[in-house]
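Given next are the chains, with one letter for each unit.
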Amino acid sequence: MSGLFITFEGGDGSGKTTQVQLLASWLESLGKKILLTREPGGTDVGLELRNIVLHRKGALAPRAEALLYAADRAHHIYSVVKPALGAGTTVVQDRYLDSSVAYQGAGRVLQEQEVKDLSLWATEGLLPDLTIVLDAPAPYLRARISGDDRVFDRLEAEGDDFHERVREAYHRFAEVEPHRIHILDATQSVEDIHQQVRQLVSSKTG
Ligand code: TYD
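Calculation rules
- Residues numbered from 1 in each chain as written.
- Predicted model: local features only at pLDDT ≥ 70, side-chain atom pairs only at ≥ 80, totals over all residues.
- Heavy atoms only, no water.
- Near = heavy atom within 4 Å.
- Polar contact = N/O pair within 3.5 Å; in protein donor to acceptor, adjacent residues only side chain to side chain.
- Areas by Shrake-Rupley, 256 points an atom, 1.4 Å probe, with all protein chains shown as cover.
- Helix = DSSP H or I, 4+ residues; strand = E, 2+ residues; numbered from the N terminus.
- Nonpolar A, V, L, I, M, F, W, Y, C, P; charged D, E, K, R; others polar.
- Buried < 20%, exposed > 50% of the residue type's maximum accessible area, 1.4 Å probe, protein only.
- Pairing = 2+ DSSP bridges.

Colleague: Can you explain the site of the ligand? Please cite residues and give values.
Modeller: Around the ligand, the surrounding shell holds 16 residues, and the nearest of these are D12, R50, R95, S100 and Q104. Y69 is positioned with one of its side-chain polar atoms (N or O) 2.9 Å from an oxygen atom of the ligand. E156 places a polar side-chain atom, nitrogen or oxygen, 2.9 Å from an oxygen atom of the ligand. For the ligand, whose unbound accessible area comes to 540 Å², protein coverage reaches 92%. If you list the elements that add at least two residues to the shell around the ligand, you get α2 (44-55), α3 (62-86) and α4 (97-107). Looking at which element gives the most residues to the shell around the ligand, the answer is α4, with 4 residues. For the shell around the ligand, the residue count by class is 5 nonpolar, 3 polar and 8 charged.

Colleague: Quick rundown of the pairing of strand β1 (residues 5-10)? Include the residues and the values.
Modeller: Taking burial as the measure, the 6 residues of β1 include 6 buried ones, the bulk of the element. Because side chains alternate across β1, one face comprises the buried residues F5, T7 and E9, and the other comprises I6, F8 and G10, equally buried. Pairing geometry for β1 and strand β3 (residues 90-94), over 4 bridges, is parallel. Bridge pairing links F8 to D94 in β3. Pairing between β1 and strand β4 (residues 130-135): 5 bridges, direction parallel. Residue pairing in the sheet places F8 in a bridge with I132 of β4.

So, in structure tokens, the structure goes:
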């Protein structure tokens, strides 16, 4: 029996990490076996790739960026996520292939279908059972992540126009795949969002 595969998406500062952790704690309290993981950087190899793709100084060609995320994903899904799902574990993951289609496709202006096909090839076609997008306007999210001591990574350093393209892309994805992808308003309170997350997850588990 395969475990449920749940992914979270959204702009930087949308509160994904908090919601991923709240969901994992809730599922654990229900006695479920959980794997909490993320991309990029869900494996040792992935941590090295994450460092290159987010923190290496200097320009990086858009297709090279897309391939690095895809390489991270291929290794992570093969060595961590698929074995867990195969053992019946519920996987709660911070970002997955929709991030690549939104950021490298809509953001960097690569062909969205090509970017998606690259990730589908990398993962032998693994799609989540449920994808939750935490949605908010780019300027709102930028204000949230702009602390004095915050060093922006290469994607966060992009302007509001880039992040608005990413946001708009997630809305399109939700229209195309309404059964898998659900948009939640990230400007709500942490607790309100968590309750909506619970409802969505319950609707998948029956
Ligand atoms: P993340 O670890 O979620 O950072 P944060 O917690 O700050 O949101 O993601 C790091 C960055 O990588 C984020 O700006 C989005 C970007 N990204 C892509 O551009 N493509 C991808 O396929 C993934 C997984 C992430």
